[in-house]
Amino acid sequence: MGNKNKTISFRVNEDAFETLREIAEERDISLSAVFRDYVDTLVAHDGKVRVVPEHQLENAGDGDDSFPPKVEVPKSFIREHERLELEADHLREQLEEHKRYVTYLREQLEDEDEEVIQLEDLDGEPDEPSFRLG
């Protein structure tokens, strides 16, 4: 069986709801995505998640106040990723072309009239010797 999504319902007061909606708008995501992110984080850390205001974050002393934290990726990694994406696109195109060709061949096979060979036609001229299988 596949992994099925489940729905969780709960109630919050109007002030909390408005605050959550503001957070969602600030992050430019849906309100549902805010909850999914929180639940995913909660599950990933075995229920040990503490929500703190941004100004109290532990990494505030490192001079980078941006949230979420950013990671620098080497250009070689990005180039390799782009190359693999292009290769995957090319392989998808080849697969589609192959599927079209197989479909074409099947249609050709279905369109051809079945060639019927009469046994009398296989018999040679009357003066040719005949053979018997047996």
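Here goes a summary of the coordinates provided. Along each chain, residues carry numbers from 1 onward, in the same order as the chain's sequence is written. Where local features are concerned, this predicted model is filtered to residues with pLDDT of at least 70; where side-chain atom pairs are given and counted, the filter is 80 or more; whole-chain, interface and lining totals use all residues. With hydrogens and water set aside, each side-chain value is computed from the structure's full complement of heavy atoms.

### Digging into the overall build of the protein chain
Then comes step 1: A helix here means a DSSP run of H or I that spans at least four residues, while a strand means a run of E at least two residues long, and both kinds are numbered starting from the N terminus. For the protein chain, the count of helices and strands is 4 helices and 0 strands.
Then comes step 2: The accessible surface values rely on the Shrake-Rupley method and a 1.4 Å probe; as for residues, cover is taken only from the protein chains in view. For the protein chain, the accessible area works out to roughly 13,800 Å², and carbon and sulfur atoms hold 51% of it.

### Brief notes about the layout of surface pockets
Then comes step 1: Within this scheme a cavity is a closed region of a 1 Å grid, computed over the protein atoms alone, that accommodates a 1.4 Å probe without allowing it to escape, whereas a pocket is open but has protein on both sides within 12 Å along at least five of seven lines; lining residues each have an atom within 4 Å of a point. Grid points are joined across faces, edges and corners, and a volume is the space filled by probe spheres set on the points. Within this model, the second largest pocket holds a volume of roughly 540 Å³.
Then comes step 2: Contributing to the lining of the second largest pocket are 15 residues, with I8, S32, F35, R36 and V39 lying nearest its centre.
Then comes step 3: Those elements that place two or more of their residues in the lining of the second largest pocket are α1 (14-27) and α2 (31-44).
Then comes step 4: Considering every element that reaches the lining of the second largest pocket, the biggest residue donor is α2, with 7 residues.
Then comes step 5: Residue classes in the lining of the second largest pocket are distributed as 9 nonpolar, 3 polar and 3 charged. Classification convention: Asp, Glu, Lys, Arg as charged; Ala, Val, Leu, Ile, Met, Phe, Trp, Tyr, Cys, Pro as nonpolar; all other residues, Gly among them, as polar.

### Observations regarding the packing of α1 against α2
Then comes step 1: Between the N-to-C directions of two axes lies an angle of 0 to 180 degrees, each axis being a line fitted to C-alpha atoms and, for a helix, fitted only over the stretch in contact. One way to put it is that α1 packs onto α2 with a least axis distance of 8 Å and a crossing angle of 90°. Relative to α2, α1 is oriented roughly perpendicular. In contact with F17, L20, R21, I23, A24 and R27 of α1, α2 contributes L31, V34, F35 and D37.
Then comes step 2: When grouped by side-chain class, the residues that make up the contact of α1 with α2 number 7 nonpolar, no polar and 3 charged. Roughly parallel here means an angle under 35 degrees, roughly antiparallel means over 145, roughly perpendicular means 65 to 115, and every remaining angle is called oblique. The contact criterion used is simple: two residues touch if any of their non-hydrogen atoms lie within 4.5 Å.

### Remarks on a negative patch on the surface
Then comes step 1: Like-charged residues are merged into a patch within 9 Å and nonpolar side chains (Val, Leu, Ile, Met, Phe, Trp, Tyr) within 5 Å, provided each residue has over 30% relative accessible area and no salt bridge. Criterion for a salt bridge: a side-chain nitrogen of Lys or Arg within 4 Å of a carboxyl oxygen of Asp or Glu. Note on charges: Lys and Arg go in the positive column, Asp and Glu in the negative column, and His and the chain ends are not counted at all. Charge placement uses NZ in Lys and CZ in Arg. For Asp and Glu, CG and CD serve respectively. Together, E22, E25, E26 and E54 make up a negatively charged patch on the protein surface.
Then comes step 2: Here E26 is to be found in helix α1.

### So, the pattern of salt bridges
Pairing between side chains of opposite charge can happen when their charged atoms approach one another.
Then comes step 1: Applying the stated criterion across every chain, the model contains 6 salt bridges.
Then comes step 2: Its salt-bridge partner being R21, residue E18 comes within 2.8 Å of it at the nearest N-O pair. Taken together, the residues span about one helical turn, with E18 and R21 both in helix α1 at a distance of 3 residues.
Then comes step 3: For every residue, the accessible area obtained with a 1.4 Å probe (protein chains only) is divided by the maximum for its type, and the residue is called buried under 20%, exposed over 50%, and partly exposed between those limits. Accessibility expressed as a relative area gives 32% for E18, which makes it partly exposed.
Then comes step 4: Between K99 and E96 there is a salt bridge whose closest N-O contact spans 3.9 Å. Here K99 pairs with E96, and both are found in helix α3 (residues 75-111), just 3 residues apart, close to one helical turn.
Then comes step 5: For K99, a relative accessible area of 44% gives the class partly exposed.

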